[in-house]
Each structure stands twice: as C-alpha cells, then as structure tokens.
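Residues per chain are reported as follows:
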Amino acid sequence: MIIVMKPTATKDNLNNVVKKLETLGLRAHLSEGEEVTIVGVIGDKKTIANLEMNMMEGVEKTIRITEKYKMVSRNFHPQNTIINVGDIEIGGDELVVMAGPCSVESLDQLREAARAVKSAGAKFLRGGAFKPRTSPYDFQGLGEEGLKLLRQAADENDLKVITEVVDKDDIALIENYSDVIQVGARNMQNFQMLKALGKSKKPVLLKRGLSATISEWLNAAEYIMTGGNEQVIFCERGIRTFETFTRNTLDLSAVAAIKELSHLPIIVDPSHGTGRWQMVKPMARAAVAAGCDGLIIEVHPNPEIALSDGDQSLKPKNFARLMEELKAIAEIMGRKI
Ligand code: PEP
Ligand code: MN
C-alpha cells in the first residue's frame, strides 16, 4: 500500500501516520517530493490488507499495490533515484560509461585499457577477477590478485572500479577493492547472495538473468533493497531467445519498461547483449536513444588474445569513436556524457 499525504499535511500528521504503522509492526518508507509526501507501507501482507488509513488527518488517499515488489516500484518513489559513487552520479543528467576488459589478465593489459577508456570519457574501469565461465576448463580469473590490479590501474587513472561477485563469501573482500559490486546474469536469482548484498554499503549493479522476466528482475532488486541497501542499478545485458546469430538478444524495450516501473537507474551492456564487437556501437547508440542512464562496454587493448570475450570487445580506437558519437545522441536526449 502507498499512502499519499495532502500537500497541506503537517509534520505531525506525517509522524502520526508513521507511528500508527510502526505500532502495527509495519515499516514506513518515506518519499518526500516537492509537493507531496508518499509513504510506502512494507510488512506483513495480512496486516496491510486490513489497514485503514484514509481517515487519518493529512492523508489524501491510499493506493493498494498489487505487484510483489514495492521498494523498487515507481509508485513507492515517483522521482528518479540518483546513486552517488564519490563525485559521480548514476541516474542523473550525465550518462555514466563503464569500460574495460571482460577479465583482469595482467597489470599491463589493465593499464593500457584504463588509460584508453579514461581518455575517451569513461568513468569506471570494469574487469572480472572471479569469472562465472560456462566451461570449468576456461579461464576462471585471477581472484584477489586481479582485484588489486584492477584497483591499481583505476587509481592511476582516476577511475572508479566495478567488478563481479560470484560467491556471497567474497562480498567483504570485493568491498575492499571495488566501488560498485556487479551481480552477474547467472546470479540474478541467487537469493542468499542478494540478501547478503542488502547489508553492503556499496551500490550493486544487478544484471538481468539469462531468461529473467522484467518482474523477476524487479523482485531480485527488491531482495537487495529490503535488506537495507537501496543503491541498486539495473543492467540489461540481453536475454536468451531462439536467435543464434547473436550471443543474446539485447532487449532495449527493458529500458523503457524499467523506467516506467521503477525509480532506479538502468544501464545497458551491448557487449554481452550481442556477443559481436561489430554490433556494440549501433546497440550502444540505440541504448542511449532509448533513455538509459549509462553503458558498460568491454574494451580490450588486444581483443585477439583476450582470455575471455574477445569477440565482443572493442579496441580502444573504436571505443573512443563510439564515445564521440554518443555525445551527439546524449545531447538530443537532454543528457551529457
Ligand atoms: C561480464 O560482465 O563479464 C559478465 C560475465 O556478464 P553477464 O553476467 O552479463 O554474462
Ligand atoms: Mn564478459
């Protein structure tokens, strides 16, 4: 349920509403807009079903919410949420681009990638140290050593770090090195991990599961938010379809869907979304035109010898060209890059 307060409601009116909810064992989630305050009610389903709030002073109306997810819902929080990472805002006017190799391979590789993506305008260095590979015989990542290299190359170039967690027991370790924690497609419904991330102080980038519906994805974010971590960023990275030409089918309609249903930011990954470097540029342009808040793109100094995902990695020169093209599209969208 959401409770919409009257524009004339006083602080006392609001406090009384919150108090009543708390005495019933419910939680109030406040969203204070310029004109009206909205109180999201969280807690036991039955108690909420029997709740009668319309008669309370200062209450304009109550709206019953049928969706299971609440804290991620735009009904609960009509304004866009902006997530701050140091001086960077995700979900604000400026589009945030995260770029770098699929896997951390060596300091030289990362330094070259970091210099290139920074000079082209990226704000984050990406790179996996723990890799969720389909085959156990494939490169699994450098582990903590990889995290150290990632942090070093990012710091040398004044970039933030994003990297993936694949095991909930590694969250504390990754928090020491990364500014944003990535949950990969294969772990979108790893509920124990989502709950543990609810206790983290770091923002979480939640990739869409390989075959996840929009509703399943929103519910996964709800797990993190109800745990206490409200800093969630969605990432559309393509879904499984019958098509085999591309690795996945990039669902850009998800950008519009998430914007309609949620207040949280959404970025797009055209690299995993297509699996082909030739398609990364056009899909990145389309993603910005669709209204995303940023992009995560695989860039490798030497894709031919990459230990993972070379086929979908851009060379630095191509990435720099793409960033130039995106500037013009961002401007039409009323955004900056
Ligand atoms: C990645 O970002 O390298 C990755 C493994 O992504 P996804 O979880 O989307 O497959
Ligand atoms: Mn990859």
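A quick note: this is a predicted structure, and the numbers were derived from the prediction, not measured.

## A short note on the overall build of the chain
Argument step 1. Counting secondary structure elements, the chain contains 11 helices and 14 strands.
Argument step 2. Computed over its C-alpha atoms, the radius of gyration of the chain comes to 21 Å, within 12% of the 20 Å expected for a compact globule of 337 residues.
Argument step 3. Seen through its principal axes, the chain has C-alpha atoms that stretch 70 × 45 × 45 Å.
Argument step 4. Of all 337 residues assigned to the chain, the portion counted as buried reaches 54%.
Argument step 5. For the chain, restricting intrachain contacts to residue pairs at least 6 apart in sequence, the fraction spanning at least 24 positions comes to 68%.
Argument step 6. Carbon and sulfur atoms make up 49% of the accessible area of the chain, which amounts to about 15100 Å² in all.
Argument step 7. Between the mean site of the 43 positive side-chain charges and the mean site of the 45 negative ones, the chain shows a separation of 2 Å.

## Some thoughts on the coordination of the manganese ion (ligand 2)
Argument step 1. Of the protein atoms, only Cys102 (SG), His272 (NE2), Glu298 (OE) and Asp309 (OD) coordinate the manganese ion (ligand 2), at distances of 2.0 to 2.3 Å.
Argument step 2. Along the chain, the residues donating to the manganese ion (ligand 2) fall in the pattern C-x169-H-x25-E-x10-D. With Cys102 in the loop between strand S7 (96–100) and helix H3 (107–120) and Asp309 in the loop between strand S14 (294–298) and helix H11 (316–332), the pair connects residues that are 207 residues apart, well separated along the chain.
Argument step 3. By relative accessible area, Cys102 is classed as buried at 3%.

## Focus on the packing of aromatic side chains
Argument step 1. On inspection of all chains with the given rule, the structure shows two aromatic pairs.
Argument step 2. Ring centres of Trp217 and Phe234 lie 5.1 Å apart, and the angle between their planes is 75°; this geometry places the pair in the edge-to-face category. Highlighted residues: Trp217 in helix H7 (residues 214–226) and Phe234 in strand S12 (residues 232–236), separated in sequence by 17 residues.
Argument step 3. Trp217 sits in the buried class, given a relative accessible area of 0%.
Argument step 4. Here Phe234 falls in the buried class, since its relative accessible area comes to 0%.

## Some thoughts on the packing of H3 against helix H4 (residues 144–156)
Argument step 1. One can describe the packing of H3 onto H4 by two numbers: an axis separation of 9 Å at closest approach and a directional angle of 35°. In terms of crossing hand, the pair formed by H3 and H4 is right-handed. In contact with Leu107, Leu110, Arg111 and Ala114 of H3, H4 contributes Leu149, Leu150, Gln152, Ala153 and Glu156.
Argument step 2. Looking at the contact of H3 with H4 residue by residue, the class counts come to six nonpolar, one polar and two charged.

## Side note on the site of ligand 1
Argument step 1. Every residue near ligand 1 is listed here: Cys102, Arg126, Lys131, Glu164, Gln182, Gly184, Ala185, Arg186, Lys207, Arg237, His272 and Glu298.
Argument step 2. Within the side chain of Arg126, an N or O atom sits 2.8 Å from an oxygen atom of ligand 1.
Argument step 3. Relative to its unbound accessible area of 300 Å², ligand 1 is 97% covered by the protein chains.
Argument step 4. Grouping the amino acids of the shell around ligand 1 by side-chain chemistry returns two nonpolar, three polar and seven charged.

## Description of the pattern of salt bridges
Should their charged atoms come close, side chains of opposite charge can pair.
Argument step 1. With the rule as written, the count across this model stands at 19 salt bridges.
Argument step 2. Glu298 is the partner of Arg126 in a salt bridge, and the nearest nitrogen-oxygen pair spans 3.4 Å. Taken together, the residues Arg126 in strand S8 (residues 124–126) and Glu298 in strand S14 connect sequence positions 172 residues apart. Residue Arg126 shares its accessibility class with Glu298, and that shared class is buried.

## Considerations on the sheet that holds strand S4 (residues 59–63)
Argument step 1. On the basis of which strands lie adjacent, the open sheet formed by four strands has the order S2-S3-S1-S4 and antiparallel pairing. Strand pairing shows two members of the sheet lacking a second neighbour, strand S2 (27–32) and S4, which therefore form its edges. Averaged over all adjacent pairs, the angle separating strand axes in this sheet is 20°, with direction ignored.
Argument step 2. Strand direction decides the pairing type here: strand S1 (residues 2–5) and strand S3 (residues 37–42), joined by three bridges, are antiparallel. Its bridge partner lying in S3, Ile3 is registered against Val39.
Argument step 3. The strands touched by helix H1 (residues 11–23) are S1, S2, S3 and S4; relative to S2, the strand with the most contacts, the crossing angle is about 150°.

## Topic: helix H10 (residues 277–290)
Argument step 1. With 14 residues, H10 extends 20 Å between its outermost C-alpha atoms, agreeing within 8% with the 20 Å of an ideal straight helix rising 1.5 Å per residue.
Argument step 2. The inward-facing, buried residues of H10 contact strand S13 (266–268), helix H9 (270–274), S14 and H11.
Argument step 3. Of the residues one or two after H10, Gly291 is the one with positive phi, at around 105°.

## Details of the nonpolar core
Soluble globular proteins tend to bury their nonpolar side chains together.
Argument step 1. Ranked by internal contacts, the top residues of the largest apolar core, which has 74 residues, are Leu125, Leu206, Trp217, Phe234, Leu295, Ile297 and Phe319.
Argument step 2. The dominant element in this core, judged by the number of residues it contributes, is H7, at seven residues.
Argument step 3. Here this core spans two domains, and each of domain 1 (2–63) and domain 2 (83–332) adds at least three residues to it.
Argument step 4. Setting aside anything within four residues of it in sequence, one finds Ile297 in contact with Met98, Ala99, Gly100, Arg126, Pro270, Ser271, Val280, Ala284, Leu314, Phe319 and Leu322.
Argument step 5. Of all hydrophobic cores here, the second largest spans 14 residues; its members include Val96, Phe124, Ile162 and Cys235.

## Some words on the environment of Ser200
Argument step 1. With respect to the element layout, Ser200 can be found in the loop between helix H6 (191–197) and strand S11 (204–207).
Argument step 2. Those residues within four positions of Ser200 in sequence are excluded, and the remaining contacts are Glu175, Ile181 and Asn229.
Argument step 3. A polar contact of 2.5 Å, which involves the side chain of Ser200, links it to the side chain of Glu175.
Argument step 4. Engagement of the side chain of Ser200 in a polar contact is seen with the backbone nitrogen of Lys202, the distance being 3.0 Å.

Cut-offs used in this document
In this numbering scheme, every chain counts its residues from 1 along its sequence in written order. Think of it this way: whatever chain is written first is A, whatever ligand is written first is 1, and the rest follow in order. Residues qualify for local features only when their pLDDT is at least 70, as the model is predicted, and side-chain atom pairs are given and counted only at 80 or more; totals for whole chains, interfaces and linings, by contrast, use all residues. Note: side-chain values were computed over all heavy atoms of the structure, leaving out hydrogens and water. Numbering of helices and strands runs from the N terminus; a helix is a DSSP stretch of H or I covering at least four residues, while a strand is a stretch of E covering at least two. For this measure, only C-alpha atoms enter the radius of gyration; the expected value for a globule follows 2.2 Å times N^0.38, where N is the number of residues. Remark: exposure states derive from per-residue accessible area (1.4 Å probe, protein chains only) relative to the maximum for the residue type, with buried under 20%, exposed over 50%, and partly exposed in between. Note on contacts: a residue pair is in contact if any heavy atoms of the two residues lie within 4.5 Å. Computed by Shrake-Rupley with a 1.4 Å probe, the accessible areas treat only the displayed protein chains as cover when residues are assessed. By the counting scheme adopted, Arg and Lys are positive, Glu and Asp are negative, and His together with the chain ends is not counted. By convention, the charge on Lys lies at NZ, on Arg at CZ, on Asp at CG and on Glu at CD. Water is absent from the atoms considered, so a metal site may look incomplete; donors are defined as N, O and S atoms within 2.8 Å of the metal, or 3.2 Å for Na, K and Ca. Note on aromatic pairs: the rings of Phe, Tyr and Trp (six-membered ring only in Trp) are paired at centre separations within 6.5 Å, and the planes decide the class, stacked below 30 degrees, edge-to-face beyond 60, tilted for the rest. Comment: axis = line fitted to C-alpha atoms, over the contacting stretch for helices; angle = value between 0 and 180 degrees taken between N-to-C directions. By convention, the crossing between two helices is left-handed when the near helix turns anticlockwise from the far helix through less than a right angle, and right-handed when the turn is clockwise. Each residue receives one of three labels: charged for Asp, Glu, Lys and Arg, nonpolar for Ala, Val, Leu, Ile, Met, Phe, Trp, Tyr, Cys and Pro, and polar for the others, Gly being one of them. A molecule or strand has a residue near it when one of that residue's heavy atoms lies within 4 Å. Definition of a polar contact: a pair of N or O atoms within 3.5 Å, with one able to donate and the other able to accept a hydrogen when the atoms are protein atoms, and with sequence-neighbouring residues admitted only if both atoms are side-chain atoms. Here, a salt bridge means any side-chain nitrogen of Lys or Arg that lies within 4 Å of a carboxyl oxygen of Asp or Glu. The criterion for strand pairing is that DSSP finds at least two bridges linking the strands in question. The span one expects for a helix is its residue count, reduced by one, times 1.5 Å. Grouping buried Ala, Val, Leu, Ile, Met, Phe, Trp, Tyr and Cys residues that are joined through side-chain atoms within 4.5 Å yields what is termed a nonpolar core. For the purposes of this description, domain bounds are those given by an automatic or database domain assignment.

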